Amino acid sequence: MGRALRAPFTGTARGIRKATHAHGAGESGLGKLIELHAVNGAGDVMITVALASTVFFSVPTDEARGRVALYLAVTMAPFTLLAPVVGPLLDRLPHGRRAAMAGAMFARAVLAITMSGAVATGGLELYPAALGVLVCSKAYGVVRSAVVPRLLPPRFSLVKANSRVTLAGLLATGVAAPIGAGLQSIGSAWPLYGACAIFLGGTVLAFTLPHKVDSAKGERKARLVVPHEETARPVATGAGTKGGRSGSTRIGRRGGREKPPGLRSVGPSVLHGLQANAAHRALSGFLIFFLAFLLREHPLAGQSAAVSLGIVGVAAGTGNACGTAVGSWLRARGPEVIVATVLGLALGVAVLAAVFFSTLMVAALAAVAGFTQALSKLSLDAMIQRDVPEEVRTSAFARSETLLQMSWVVGGAIGIALPLNGVLGMSVAAGLLALGAAASVRGLLGAARRGSPHPRVA
(Lines give C-alpha, C1' and ligand atoms only; values in the text may rest on other atoms or scores of the structure.)
Protein backbone atom coordinates (compact mmCIF):
# COMPACT_ATOMS: atom_id res chain seq x y z
CA MET A 1 0.00 0.00 0.00
CA GLY A 2 2.89 2.33 0.81
CA ARG A 3 4.47 1.70 -2.58
CA ALA A 4 1.12 2.27 -4.27
CA LEU A 5 0.67 5.59 -2.48
CA ARG A 6 4.22 6.71 -3.26
CA ALA A 7 4.14 5.68 -6.91
CA PRO A 8 2.39 8.78 -8.32
CA PHE A 9 4.82 11.11 -6.53
CA THR A 10 7.99 9.18 -7.26
CA GLY A 11 6.93 8.67 -10.86
CA THR A 12 6.28 12.39 -11.26
CA ALA A 13 9.62 13.23 -9.66
CA ARG A 14 11.45 10.84 -12.00
CA GLY A 15 9.65 12.34 -15.00
CA ILE A 16 10.60 15.87 -13.96
CA ARG A 17 14.20 14.86 -13.35
CA LYS A 18 14.37 13.15 -16.75
CA ALA A 19 13.05 16.27 -18.49
CA THR A 20 15.30 18.74 -16.69
CA HIS A 21 18.43 16.62 -17.13
CA ALA A 22 17.92 15.79 -20.83
CA HIS A 23 20.50 16.51 -23.58
CA GLY A 24 23.46 16.74 -21.25
CA ALA A 25 21.84 19.20 -18.81
CA GLY A 26 22.24 16.71 -15.98
CA GLU A 27 25.98 16.25 -16.53
CA SER A 28 26.70 19.98 -16.88
CA GLY A 29 24.63 21.02 -13.86
CA LEU A 30 22.08 22.98 -15.89
CA GLY A 31 19.37 20.54 -14.81
CA LYS A 32 19.82 21.51 -11.15
CA LEU A 33 19.60 25.19 -12.08
CA ILE A 34 16.37 24.50 -13.98
CA GLU A 35 14.92 22.83 -10.89
CA LEU A 36 16.12 25.68 -8.67
CA HIS A 37 14.44 28.24 -10.92
CA ALA A 38 11.20 26.26 -10.79
CA VAL A 39 11.36 26.42 -6.99
CA ASN A 40 12.03 30.16 -7.21
CA GLY A 41 8.99 30.71 -9.44
CA ALA A 42 6.71 28.65 -7.18
CA GLY A 43 7.79 30.56 -4.06
CA ASP A 44 7.41 33.96 -5.71
CA VAL A 45 3.88 33.24 -6.91
CA MET A 46 2.86 32.16 -3.40
CA ILE A 47 3.94 35.53 -2.06
CA THR A 48 2.23 37.28 -4.99
CA VAL A 49 -1.07 35.53 -4.18
CA ALA A 50 -0.86 36.60 -0.53
CA LEU A 51 -0.01 40.23 -1.38
CA ALA A 52 -2.62 40.51 -4.14
CA SER A 53 -5.33 39.22 -1.82
CA THR A 54 -4.37 41.73 0.86
CA VAL A 55 -3.49 44.82 -1.18
CA PHE A 56 -5.90 44.45 -4.09
CA PHE A 57 -8.82 42.06 -3.69
CA SER A 58 -9.80 42.63 -0.06
CA VAL A 59 -10.83 46.30 -0.42
CA PRO A 60 -12.96 48.43 -2.79
CA THR A 61 -11.40 49.57 -6.05
CA ASP A 62 -10.65 53.14 -4.99
CA GLU A 63 -8.98 52.01 -1.80
CA ALA A 64 -7.15 49.25 -3.67
CA ARG A 65 -5.76 51.82 -6.07
CA GLY A 66 -4.37 53.78 -3.16
CA ARG A 67 -2.92 50.66 -1.58
CA VAL A 68 -1.23 49.56 -4.79
CA ALA A 69 0.14 53.07 -5.30
CA LEU A 70 1.49 52.92 -1.75
CA TYR A 71 2.96 49.50 -2.51
CA LEU A 72 4.78 50.90 -5.55
CA ALA A 73 5.96 53.95 -3.63
CA VAL A 74 7.30 51.95 -0.68
CA THR A 75 8.74 49.01 -2.62
CA MET A 76 9.32 49.87 -6.27
CA ALA A 77 10.60 53.42 -5.80
CA PRO A 78 13.37 52.40 -3.40
CA PHE A 79 14.09 49.44 -5.64
CA THR A 80 14.81 51.76 -8.57
CA LEU A 81 17.53 53.28 -6.39
CA LEU A 82 18.81 49.93 -5.15
CA ALA A 83 18.69 48.13 -8.51
CA PRO A 84 21.75 49.85 -10.01
CA VAL A 85 23.68 48.74 -6.93
CA VAL A 86 22.63 45.08 -7.12
CA GLY A 87 24.66 44.25 -10.23
CA PRO A 88 27.94 45.83 -9.09
CA LEU A 89 27.51 44.31 -5.62
CA LEU A 90 27.03 40.84 -7.07
CA ASP A 91 30.05 41.40 -9.32
CA ARG A 92 32.08 41.43 -6.11
CA LEU A 93 30.84 37.93 -5.26
CA PRO A 94 32.15 35.90 -8.21
CA HIS A 95 33.28 33.10 -5.88
CA GLY A 96 30.04 32.98 -3.89
CA ARG A 97 27.24 32.67 -6.42
CA ARG A 98 25.78 29.52 -4.89
CA ALA A 99 25.82 31.20 -1.50
CA ALA A 100 24.26 34.35 -3.01
CA MET A 101 21.37 32.37 -4.53
CA ALA A 102 20.92 30.38 -1.32
CA GLY A 103 20.99 33.60 0.68
CA ALA A 104 18.32 35.14 -1.56
CA MET A 105 16.16 32.06 -1.03
CA PHE A 106 16.66 31.97 2.74
CA ALA A 107 16.02 35.71 3.12
CA ARG A 108 12.70 35.36 1.31
CA ALA A 109 11.76 32.45 3.57
CA VAL A 110 12.36 34.64 6.63
CA LEU A 111 10.54 37.60 5.07
CA ALA A 112 7.55 35.40 4.19
CA ILE A 113 7.17 34.45 7.85
CA THR A 114 7.59 38.10 8.81
CA MET A 115 4.79 39.13 6.44
CA SER A 116 2.46 36.39 7.65
CA GLY A 117 1.73 38.39 10.80
CA ALA A 118 0.85 41.58 8.90
CA VAL A 119 -0.84 40.25 5.78
CA ALA A 120 -4.27 40.02 7.41
CA THR A 121 -4.34 43.70 8.42
CA GLY A 122 -2.38 45.14 5.50
CA GLY A 123 -0.41 47.34 7.86
CA LEU A 124 2.53 49.47 6.81
CA GLU A 125 4.98 46.93 8.21
CA LEU A 126 4.03 44.68 5.29
CA TYR A 127 5.64 46.95 2.70
CA PRO A 128 9.28 47.00 3.87
CA ALA A 129 9.18 43.20 3.94
CA ALA A 130 7.72 43.20 0.42
CA LEU A 131 10.58 45.45 -0.69
CA GLY A 132 13.04 42.95 0.78
CA VAL A 133 11.36 40.11 -1.11
CA LEU A 134 11.55 42.08 -4.36
CA VAL A 135 15.24 42.93 -3.93
CA CYS A 136 16.10 39.31 -3.07
CA SER A 137 14.11 38.04 -6.04
CA LYS A 138 15.92 40.32 -8.47
CA ALA A 139 19.28 39.56 -6.87
CA TYR A 140 18.60 35.88 -7.47
CA GLY A 141 17.64 36.70 -11.07
CA VAL A 142 20.84 38.51 -11.95
CA VAL A 143 22.99 35.82 -10.31
CA ARG A 144 21.07 33.13 -12.17
CA SER A 145 21.66 34.95 -15.48
CA ALA A 146 25.37 35.09 -14.66
CA VAL A 147 25.46 31.39 -13.79
CA VAL A 148 23.80 30.00 -16.93
CA PRO A 149 26.84 30.46 -19.25
CA ARG A 150 28.95 28.34 -16.90
CA LEU A 151 26.51 25.42 -17.03
CA LEU A 152 25.97 25.09 -20.78
CA PRO A 153 26.09 21.47 -22.02
CA PRO A 154 28.07 20.73 -25.20
CA ARG A 155 26.44 22.10 -28.37
CA PHE A 156 23.91 24.01 -26.25
CA SER A 157 23.33 27.69 -27.00
CA LEU A 158 22.70 30.17 -24.23
CA VAL A 159 19.27 31.09 -25.57
CA LYS A 160 18.20 27.45 -25.56
CA ALA A 161 19.41 27.05 -21.99
CA ASN A 162 17.56 30.19 -20.93
CA SER A 163 14.46 28.92 -22.71
CA ARG A 164 14.50 25.78 -20.61
CA VAL A 165 15.12 27.65 -17.39
CA THR A 166 12.38 30.20 -18.10
CA LEU A 167 9.88 27.56 -19.17
CA ALA A 168 10.49 25.62 -15.94
CA GLY A 169 9.74 28.76 -13.95
CA LEU A 170 6.54 29.39 -15.90
CA LEU A 171 5.31 25.82 -15.43
CA ALA A 172 6.07 25.93 -11.71
CA THR A 173 4.21 29.25 -11.45
CA GLY A 174 1.19 27.74 -13.20
CA VAL A 175 1.15 24.79 -10.79
CA ALA A 176 1.76 26.83 -7.64
CA ALA A 177 -0.77 29.62 -8.35
CA PRO A 178 -3.92 27.49 -7.78
CA ILE A 179 -2.27 25.86 -4.77
CA GLY A 180 -1.61 29.33 -3.36
CA ALA A 181 -5.24 30.29 -4.01
CA GLY A 182 -6.35 27.16 -2.17
CA LEU A 183 -4.13 28.00 0.78
CA GLN A 184 -5.53 31.54 0.74
CA SER A 185 -9.02 30.12 1.27
CA ILE A 186 -7.77 28.50 4.50
CA GLY A 187 -6.25 31.71 5.81
CA SER A 188 -4.48 34.83 4.54
CA ALA A 189 -1.15 33.75 6.03
CA TRP A 190 -1.11 30.23 4.60
CA PRO A 191 0.33 31.10 1.15
CA LEU A 192 3.23 32.74 3.00
CA TYR A 193 3.77 29.60 5.06
CA GLY A 194 3.88 27.68 1.78
CA ALA A 195 6.35 30.18 0.33
CA CYS A 196 8.58 29.82 3.38
CA ALA A 197 8.70 26.04 2.98
CA ILE A 198 9.44 26.32 -0.75
CA PHE A 199 12.25 28.84 -0.27
CA LEU A 200 13.84 26.75 2.49
CA GLY A 201 13.94 23.87 0.00
CA GLY A 202 15.48 26.22 -2.57
CA THR A 203 18.15 27.23 -0.06
CA VAL A 204 19.31 23.64 0.19
CA LEU A 205 19.00 23.06 -3.56
CA ALA A 206 21.21 26.07 -4.38
CA PHE A 207 24.19 24.42 -2.68
CA THR A 208 23.81 21.32 -4.87
CA LEU A 209 24.85 23.30 -7.97
CA PRO A 210 28.31 22.41 -9.35
CA HIS A 211 31.36 24.14 -7.86
CA LYS A 212 32.18 25.69 -11.25
CA VAL A 213 29.26 28.07 -10.67
CA ASP A 214 31.54 29.91 -8.22
CA SER A 215 34.42 30.15 -10.68
CA ALA A 216 35.29 33.65 -11.88
CA LYS A 217 37.94 32.60 -14.37
CA GLY A 218 38.19 35.02 -17.30
CA GLU A 219 35.47 37.38 -16.08
CA ARG A 220 35.50 41.15 -15.89
CA LYS A 221 32.94 43.84 -15.23
CA ALA A 222 30.90 45.40 -18.02
CA ARG A 223 29.27 48.80 -18.26
CA LEU A 224 26.09 49.52 -20.16
CA VAL A 225 27.21 52.99 -21.22
CA VAL A 226 30.66 54.45 -21.71
CA PRO A 227 31.27 58.14 -22.37
CA HIS A 228 33.75 57.50 -25.18
CA GLU A 229 33.48 54.25 -27.07
CA GLU A 230 37.06 54.42 -28.21
CA THR A 231 38.27 53.97 -24.61
CA ALA A 232 36.89 50.45 -24.60
CA ARG A 233 37.32 49.39 -28.19
CA PRO A 234 38.89 45.95 -28.60
CA VAL A 235 42.34 46.30 -30.22
CA ALA A 236 43.89 43.39 -32.05
CA THR A 237 47.28 42.20 -30.84
CA GLY A 238 49.60 39.43 -31.80
CA ALA A 239 51.53 38.93 -35.00
CA GLY A 240 51.97 36.14 -37.48
CA THR A 241 48.42 34.83 -37.27
CA LYS A 242 46.94 33.27 -40.34
CA GLY A 243 44.81 35.49 -42.55
CA GLY A 244 45.69 38.60 -40.63
CA ARG A 245 43.50 37.61 -37.66
CA SER A 246 44.85 38.24 -34.24
CA GLY A 247 45.08 35.46 -31.73
CA SER A 248 43.94 37.65 -28.85
CA THR A 249 42.44 41.00 -28.03
CA ARG A 250 43.22 43.64 -25.51
CA ILE A 251 41.13 46.46 -24.19
CA GLY A 252 42.02 50.04 -25.05
CA ARG A 253 43.86 52.02 -22.42
CA ARG A 254 43.80 55.67 -21.48
CA GLY A 255 46.51 57.17 -19.34
CA GLY A 256 48.13 53.73 -18.92
CA ARG A 257 45.10 52.30 -17.07
CA GLU A 258 43.01 49.52 -18.54
CA LYS A 259 39.35 50.44 -18.98
CA PRO A 260 36.52 47.92 -18.50
CA PRO A 261 34.71 47.26 -21.76
CA GLY A 262 31.17 48.51 -22.23
CA LEU A 263 28.33 47.03 -24.24
CA ARG A 264 28.54 49.78 -26.86
CA SER A 265 32.05 48.69 -27.71
CA VAL A 266 30.77 45.38 -29.10
CA GLY A 267 28.42 46.88 -31.67
CA PRO A 268 24.92 48.35 -31.75
CA SER A 269 22.93 45.13 -31.59
CA VAL A 270 22.99 44.70 -27.81
CA LEU A 271 22.28 48.36 -27.13
CA HIS A 272 19.29 48.47 -29.48
CA GLY A 273 18.13 45.08 -28.23
CA LEU A 274 18.08 46.49 -24.70
CA GLN A 275 16.04 49.47 -25.87
CA ALA A 276 13.47 47.19 -27.51
CA ASN A 277 13.29 44.93 -24.47
CA ALA A 278 12.88 47.95 -22.19
CA ALA A 279 9.77 48.86 -24.21
CA HIS A 280 8.39 45.33 -23.77
CA ARG A 281 9.04 45.41 -20.01
CA ALA A 282 7.42 48.84 -19.67
CA LEU A 283 4.39 47.46 -21.54
CA SER A 284 4.28 44.45 -19.21
CA GLY A 285 4.31 46.60 -16.07
CA PHE A 286 1.71 48.94 -17.54
CA LEU A 287 -0.70 46.18 -18.56
CA ILE A 288 -0.44 44.36 -15.24
CA PHE A 289 -1.52 47.35 -13.17
CA PHE A 290 -3.78 49.13 -15.63
CA LEU A 291 -5.79 46.05 -16.62
CA ALA A 292 -6.02 44.88 -13.00
CA PHE A 293 -7.93 48.05 -12.08
CA LEU A 294 -9.76 48.45 -15.38
CA LEU A 295 -11.16 44.91 -15.41
CA ARG A 296 -12.12 45.06 -11.76
CA GLU A 297 -14.16 48.21 -12.37
CA HIS A 298 -15.28 47.36 -15.93
CA PRO A 299 -15.17 43.56 -16.47
CA LEU A 300 -15.09 42.01 -19.90
CA ALA A 301 -18.49 41.68 -21.56
CA GLY A 302 -20.63 39.09 -19.81
CA GLN A 303 -17.92 38.14 -17.28
CA SER A 304 -17.24 38.87 -13.63
CA ALA A 305 -14.18 40.81 -12.53
CA ALA A 306 -12.42 37.66 -11.30
CA VAL A 307 -13.12 35.78 -14.55
CA SER A 308 -11.99 38.78 -16.61
CA LEU A 309 -8.69 38.97 -14.75
CA GLY A 310 -8.30 35.21 -15.11
CA ILE A 311 -8.84 35.34 -18.88
CA VAL A 312 -6.23 38.05 -19.34
CA GLY A 313 -3.78 36.32 -16.98
CA VAL A 314 -4.11 32.97 -18.73
CA ALA A 315 -3.72 34.64 -22.14
CA ALA A 316 -0.53 36.40 -21.02
CA GLY A 317 0.90 33.25 -19.43
CA THR A 318 0.12 31.15 -22.50
CA GLY A 319 1.72 33.73 -24.77
CA ASN A 320 4.81 33.83 -22.59
CA ALA A 321 5.17 30.05 -22.65
CA CYS A 322 4.71 29.97 -26.43
CA GLY A 323 7.31 32.71 -26.85
CA THR A 324 9.77 30.74 -24.76
CA ALA A 325 9.19 27.59 -26.82
CA VAL A 326 9.53 29.45 -30.13
CA GLY A 327 12.66 31.15 -28.84
CA SER A 328 14.31 27.80 -28.33
CA TRP A 329 13.41 26.79 -31.88
CA LEU A 330 14.70 30.06 -33.37
CA ARG A 331 17.82 30.16 -31.25
CA ALA A 332 20.27 30.67 -34.14
CA ARG A 333 18.21 32.71 -36.58
CA GLY A 334 18.88 36.45 -36.76
CA PRO A 335 18.11 37.76 -33.26
CA GLU A 336 18.10 41.40 -34.44
CA VAL A 337 15.40 40.65 -37.00
CA ILE A 338 13.40 38.69 -34.42
CA VAL A 339 13.51 41.54 -31.89
CA ALA A 340 12.47 44.11 -34.49
CA THR A 341 9.71 41.84 -35.82
CA VAL A 342 8.11 41.03 -32.47
CA LEU A 343 8.25 44.70 -31.44
CA GLY A 344 6.39 45.60 -34.63
CA LEU A 345 3.89 42.79 -33.96
CA ALA A 346 3.18 44.01 -30.43
CA LEU A 347 2.84 47.60 -31.64
CA GLY A 348 0.39 46.57 -34.35
CA VAL A 349 -1.83 44.62 -31.92
CA ALA A 350 -1.72 47.50 -29.40
CA VAL A 351 -2.89 49.93 -32.10
CA LEU A 352 -5.72 47.55 -33.05
CA ALA A 353 -6.70 47.20 -29.38
CA ALA A 354 -6.90 51.00 -29.09
CA VAL A 355 -8.95 51.40 -32.29
CA PHE A 356 -11.21 48.36 -31.82
CA PHE A 357 -11.31 48.09 -28.04
CA SER A 358 -13.13 44.90 -27.04
CA THR A 359 -12.88 41.76 -24.94
CA LEU A 360 -11.17 39.87 -27.75
CA MET A 361 -8.61 42.61 -28.41
CA VAL A 362 -7.67 42.99 -24.73
CA ALA A 363 -7.07 39.24 -24.43
CA ALA A 364 -5.17 39.26 -27.74
CA LEU A 365 -2.92 42.10 -26.58
CA ALA A 366 -2.19 40.28 -23.31
CA ALA A 367 -1.26 37.11 -25.19
CA VAL A 368 0.86 38.93 -27.78
CA ALA A 369 2.59 40.98 -25.07
CA GLY A 370 3.56 37.78 -23.24
CA PHE A 371 4.71 36.12 -26.46
CA THR A 372 6.77 39.04 -27.75
CA GLN A 373 8.36 39.83 -24.37
CA ALA A 374 9.58 36.25 -23.95
CA LEU A 375 10.87 35.94 -27.52
CA SER A 376 12.53 39.36 -27.45
CA LYS A 377 14.31 38.62 -24.17
CA LEU A 378 15.62 35.30 -25.45
CA SER A 379 16.87 37.02 -28.61
CA LEU A 380 18.62 39.64 -26.47
CA ASP A 381 20.32 36.80 -24.59
CA ALA A 382 21.51 35.44 -27.93
CA MET A 383 22.98 38.82 -28.90
CA ILE A 384 24.78 39.12 -25.57
CA GLN A 385 26.16 35.63 -26.03
CA ARG A 386 27.35 36.43 -29.54
CA ASP A 387 28.63 39.99 -29.19
CA VAL A 388 29.81 40.38 -25.60
CA PRO A 389 33.20 38.82 -24.86
CA GLU A 390 33.12 35.94 -22.42
CA GLU A 391 35.20 37.84 -19.89
CA VAL A 392 32.42 40.41 -19.37
CA ARG A 393 29.33 38.45 -20.37
CA THR A 394 28.14 37.55 -16.89
CA SER A 395 28.40 41.15 -15.72
CA ALA A 396 26.49 42.27 -18.82
CA PHE A 397 23.57 40.05 -17.88
CA ALA A 398 23.40 41.68 -14.46
CA ARG A 399 23.36 45.18 -15.98
CA SER A 400 20.69 44.31 -18.54
CA GLU A 401 18.40 42.72 -15.94
CA THR A 402 18.63 45.85 -13.80
CA LEU A 403 17.72 48.13 -16.71
CA LEU A 404 14.75 45.95 -17.69
CA GLN A 405 13.39 45.84 -14.14
CA MET A 406 13.54 49.62 -13.91
CA SER A 407 11.58 49.83 -17.17
CA TRP A 408 8.91 47.58 -15.66
CA VAL A 409 8.62 49.90 -12.67
CA VAL A 410 8.11 52.93 -14.92
CA GLY A 411 5.40 51.14 -16.90
CA GLY A 412 3.64 50.03 -13.71
CA ALA A 413 3.64 53.56 -12.31
CA ILE A 414 2.01 54.86 -15.52
CA GLY A 415 -0.62 52.12 -15.29
CA ILE A 416 -1.56 53.13 -11.75
CA ALA A 417 -1.77 56.85 -12.49
CA LEU A 418 -3.81 56.56 -15.70
CA PRO A 419 -7.62 57.05 -15.65
CA LEU A 420 -9.61 53.83 -16.12
CA ASN A 421 -10.46 54.33 -19.78
CA GLY A 422 -9.86 51.33 -22.01
CA VAL A 423 -9.20 53.19 -25.26
CA LEU A 424 -6.87 55.61 -23.50
CA GLY A 425 -4.99 52.76 -21.84
CA MET A 426 -4.48 50.86 -25.08
CA SER A 427 -3.32 54.07 -26.74
CA VAL A 428 -0.72 54.57 -24.02
CA ALA A 429 0.39 50.94 -24.45
CA ALA A 430 0.84 51.58 -28.17
CA GLY A 431 2.76 54.77 -27.36
CA LEU A 432 5.22 52.91 -25.12
CA LEU A 433 5.93 50.43 -27.89
CA ALA A 434 6.17 53.17 -30.50
CA LEU A 435 8.88 54.89 -28.45
CA GLY A 436 10.80 51.63 -28.24
CA ALA A 437 10.41 51.03 -31.97
CA ALA A 438 11.59 54.55 -32.82
CA ALA A 439 14.69 54.09 -30.68
CA SER A 440 15.67 50.57 -31.73
CA VAL A 441 14.16 49.11 -34.91
CA ARG A 442 16.25 51.07 -37.41
CA GLY A 443 19.46 50.25 -35.55
CA LEU A 444 18.53 46.58 -35.22
CA LEU A 445 17.78 46.16 -38.91
CA GLY A 446 20.93 48.07 -39.84
CA ALA A 447 23.01 45.82 -37.59
CA ALA A 448 21.36 42.75 -39.14
CA ARG A 449 22.27 43.93 -42.65
CA ARG A 450 25.87 44.65 -41.69
CA GLY A 451 26.25 41.40 -39.80
CA SER A 452 27.73 40.87 -36.35
CA PRO A 453 31.04 42.68 -35.79
CA HIS A 454 32.24 39.86 -33.59
CA PRO A 455 32.46 36.12 -34.11
CA ARG A 456 29.72 34.12 -32.52
CA VAL A 457 30.77 32.43 -29.29
CA ALA A 458 29.36 28.97 -28.76
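Refer to the structure presented above.
The notes below deal with the structure included here.

Let us look at the overall build of the chain. Scanning the chain from N- to C-terminus turns up 14 helices and 4 strands. Across the 458 residues of the chain, 52% fall into the buried class. Working note: accessible area of the chain is about 20,100 Å², and carbon and sulfur atoms make up 66% of it.

Here we take up helix α11 (residues 335-355). The first and last C-alpha atoms of α11 sit 30 Å apart over 21 residues, in line with the 30 Å expected at 1.5 Å per residue. Looking at α11, one finds that the buried residues are P335, E336, I338, V339, A340, V342, L343, A346, V349, A350, A353 and A354. Where α11 is buried, its residues contact α9 (268-297), α12 (359-387) and α14 (422-450).

The next subject is the packing of α9 against α11. α11 packs onto α9 with a crossing angle of 25 degrees between their chain directions and a minimal axis gap of 10 Å. It follows that α9 is roughly parallel to α11 by the angle criterion. Where α9 crosses over α11, the two elements pack in a sense that is left-handed. On α11, the residues touching S269, A276, A279 and H280 of α9 are E336, V339, V342, L343 and A346. Its residues assigned to classes, the contact of α9 with α11 comprises 6 nonpolar, 2 polar and 1 charged.

We now examine the nonpolar core. Ranked by internal contacts, the top residues of the largest apolar core, which has 48 residues, are L30, L33, L36, I47, M101 and M115. Put simply, the parts of the chain that give this core at least two residues each are α3 (30-57), α5 (97-116), α6 (126-147), α7 (158-186) and α8 (190-206). With 11 residues, the top contributor of residues to this core is α3. Grouped together as the second largest cluster of nonpolar side chains are 44 residues, A279, A429, L433 and L444 included.

Attention shifts here to the environment of A346. Summarising the element assignment, A346 is placed in helix α11. Exposure remark for A346: the relative accessible area of 1% places this residue in the buried category. For the pair A346 and A434, spaced 88 residues apart in sequence, the C-alpha to C-alpha distance is 9.6 Å. Sequence-distant contacts of A346, defined by excluding residues within four places in its chain, comprise H280, L365, V368, T372 and L433.

Moving on to the packing of α5 against α6. Look at α5 against α6: their axes get within 9 Å of each other, and the N-to-C directions meet at 160 degrees. Judged on the interaxial angle alone, α6 and α5 are roughly antiparallel. Between α5 and α6 lies a crossing whose hand is left-handed. Packed against α5, whose contacting residues are R97, A100, M101, A104, M105, A107, R108, L111 and M115, the element α6 presents L126, A129, A130, G132, V133, C136, S137, Y140, V143, R144, A146 and V147 at the interface. Considered class by class, the residues forming the contact of α5 with α6 number 16 nonpolar, 2 polar and 3 charged.

The grouping of I113, I186, W190 and Y193 at the surface amounts to a nonpolar patch, some 410 Å² of accessible area in total. Mapped onto the secondary structure, W190 falls in helix α8. Given the relative accessible area of 42%, W190 is considered partly exposed.

Conventions used here
Residues numbered from 1 in each chain as written. Predicted model: local features only at pLDDT ≥ 70, side-chain atom pairs only at ≥ 80, totals over all residues. Heavy atoms only, no water. Helix = DSSP H or I, 4+ residues; strand = E, 2+ residues; numbered from the N terminus. Buried < 20%, exposed > 50% of the residue type's maximum accessible area, 1.4 Å probe, protein only. Areas by Shrake-Rupley, 256 points an atom, 1.4 Å probe, with all protein chains shown as cover. Expected span 1.5 Å × (residues − 1). Contact = heavy atoms within 4.5 Å. Axes fitted to C-alpha atoms, helices over the stretch in contact; angles between N-to-C directions. Parallel < 35°, antiparallel > 145°, perpendicular 65-115°, else oblique. Left-handed = near helix turned anticlockwise from the far one by under 90°. Nonpolar A, V, L, I, M, F, W, Y, C, P; charged D, E, K, R; others polar. Core = buried A, V, L, I, M, F, W, Y, C linked by side-chain atoms within 4.5 Å. Patch = residues over 30% accessible without salt bridge, like charges linked within 9 Å, V, L, I, M, F, W, Y side chains within 5 Å. Salt bridge = Lys/Arg side-chain N within 4 Å of Asp/Glu carboxyl O.

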